[in-house]
Amino acid sequence: MMSKTGGGGGRPDPGDQQPGDDPAAFSALLEDSTEDLYEHAPCGFLSTLLDGTIAKINATLLDWLGYARDDVVGRKTFSDLLTVGGRLYHETHFGPLLRMQGEVSGIALELKAADGSRLPVLVTSTIKTGGDGQPLLIRTTVFDARDRRAYETELLRARQEAEHEREELKRLNAVLQRTLLPPALVSVPGLEVDAHYHIASTDMVGGDFYDLFPLGAGTWGLFLGDVCGKGAAAAAITSLARYTLRAAAVYDPDPAAVLSNLNTVLNHEYTGEDPRFCTVIFGLLTPDTDQGGFRITLASGGHPPALIVRSDGSADQLPTPGGQLIGALPDAHIATTTVHLTAGDTLLLHTDGLTEAHTASSSDDDRYGDEAFLGFARALAPTTASDAVAAIRDLLDTFGAGVDDDTAVLAVSVPRC
Amino acid sequence: MWRMAVLSRNHVTVTGRADGPVVMLAHGFGCDQNMWRLVVPLLESHFTVVLFDHVGAGRSDLSAWSEERYSSLDGYAEDVLEICHELGLGPVTFVGHSVSAMMGVLAAVREPQAFAGLVLLAPSPCFIDDPATGYRGGFSAEDIDELLGSLDANYLGWSGAMAPVIMGNPERPELGEELTNSFCRTDPDIARVFARVTFLSDNREDLPGVTVPALVAQCSSDAIAPPEVGAFVHARIPGSRLVTLNATGHCPQLAAPEETAAAITEFVEATR
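A short tour of the structure in this document, coming up. (Residues numbered from 1 in each chain as written. Chains lettered and ligands numbered in written order. Predicted model: local features only at pLDDT ≥ 70, side-chain atom pairs only at ≥ 80, totals over all residues.)

Our focus in this paragraph is the pairing of strand E7 (residues 241–248) of chain B. Residues and elements named next belong to chain B. The pairing of strand E6 (residues 214–221) with E7 spans six bridges and is parallel. When the sheet's bridge partners are listed, Leu215 is paired in E7 with Arg241. In this view, the connection linking E6 to its parallel neighbour E7 by way of helix H7 (residues 227–236) has right-handed handedness. (Pairing = 2+ DSSP bridges. Helix = DSSP H or I, 4+ residues; strand = E, 2+ residues; numbered from the N terminus. Right-handed = clockwise from strand over helix to strand, strands pointing away.)

Residue and element names in this part refer to chain A. Strand order in the open sheet made by the five strands is E6-E15-E14-E11-E12, with antiparallel pairing throughout. The open sheet is flanked by strand E6 (192–198) and strand E12 (315–318), the only strands paired with a single partner. When strand polarity is set aside, the average angle formed by the axes of neighbouring strands in this sheet is 20°. As judged from the five bridges shared by strand E14 (residues 346–350) and strand E15 (residues 407–413), these two strands associate in the antiparallel manner. Residue pairing for E15: Leu348 is matched across the bridge by Ala411. (Axes fitted to C-alpha atoms, helices over the stretch in contact; angles between N-to-C directions.)

Residues and elements named next belong to chain B. In terms of burial, strand E3 (residues 48–52) is a largely internal element, five of the five residues being buried. Alternating positions in E3 separate into two faces, Thr48, Val50 and Phe52 on one and Val49 and Leu51 on the other, with burial throughout. As judged from the four bridges shared by strand E1 (residues 13–16) and E3, these two strands associate in the antiparallel manner. Across the sheet, residue Val14 finds its bridge partner in E3, namely Val50. Pairing geometry for strand E2 (residues 22–26) and E3, over five bridges, is parallel. Bridge pairing in E3 places Met24 opposite Val50. (Buried ≥ 20, exposed ≤ 12 C-beta atoms within 10 Å, placed from the backbone.)

The structure is reproduced here in structure tokens:
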């Protein structure tokens, strides 16, 4: 670092002179009288008796308010200078706080000027106590807060607008969600059916879906799936998947063919930067005229296995190993399995929102898990579609906020005769 | 279990002489049971003193607040009765400050046997003027709108800063320590609804239904509940007594704790 005077010891530059270098000039500045500072400070000063009667007020504040000193000293209380709303606020919040703490700072109030205009201010008060600790008077500083208040009003307006729009978004989400699910499940002769959709967040539309619908010749199709992602883009895929599955099932009801068609559609529709895929189970239900009950062929593309809960009290997964995500690859491998549902048997389909739920009990990997769910189903067995769905609803309730993804459950059972 | 729920919901605290008459102190709009801290030491030697926070105030359980229950004074009166039942201390002398005076009136009309008496401290059955009947409550509807505006304006002042503490926000531990102003801490949304209930309720018709002994204690100069309002309450409650305290302002329990405690003590002794 170079010093200007270090070079040759030339004449000092007059511009280098600091106020402290001339003691006389500096002390003249310091002698700015404290009385003048009080009167003309860039903020308002006010001293009141404990009952609020104004005992002293500075010229700055009188000027802001347009009052003469004699109008206020000994004649008005601090409260009298406030708007009615401010007065209520002062009585119910400001005053009690001041007595409790001996100080209150940064409270927003509005003062009423002599001409009736309003002056937004920020007020800080302290209680001055005597030598014995008894309160003597209240000292108050008042800052002009017009600019700040305008800014805050704008913030408040923006917040209210944001809240309003969030409500509107929630409403739209709820409506959209309903359009992605069947309003009510159709009734299938000889079968009890039930379903539940658990919404994890009202801020985003989830991507789970299911349906049950008649196909030709007394057969029925059902599906349940989960689109990767959330929000509007996922909702569009959900809608596309649902209609494609129904149309494909009419064209060729073979479950593997149905999912293969869906795979082709999704794979064509969404390529490049915006890959979209889903996991899904499609089932074809055919009444078994010989043995009674239903024969169900399930095809799965990367979806968690369905559970069969038997009338004999057992429960098992229906593995469909090797089934791949639908929409990700041009030719996804689709795995199928066939099961026979007789009286007292229940078939359970679910999405992984249930098994991925966070639980309080396990600390290490705190997800609920497939094994725990299988155990849960074994404890239920034997059951019915509606009992199983009710039990799963209760289970989801016990997880509370631990369910951070939407969850869909679809159950079908053959009633005991 | 349920007993605990009611008592923790309202952060009920019981102090004083276990064998003395029971005095229940109810704070008004704005702060919490700390409003009584100067009066409590003066009452403790004679009485069992019950303190509580209205739901939404102080250390009450904010999760118990619902707009439905607390959009009228009836919900608050219900809370008062539930606390009385849960404590099972027999008839209480209920001291209600400001808006809580009317909660006491509603509770005593509904269940007189729960009360030995009512002390209505700076009460107002209706804050808004009613030109049709000549009633003067002291405020116009516009005034009350302005108060609600004041609450909003201060939302970004201290109450906004307080909200994370009230909510116990675990993601912001730096806000975890007790801040100043906490005794008047209020969730801004709850405060807005409570302000509406406080200043828009009209309980004038409930006053004649009070059958328990009642004392109307008003301040000599009160910007919120002017003297004629106290006189109105006194005239409408059959057999009530009226005292005008020397205290000024709306909070005699802070401004003149001795005088306030003396008025309460005298009334309890006279109604034993």
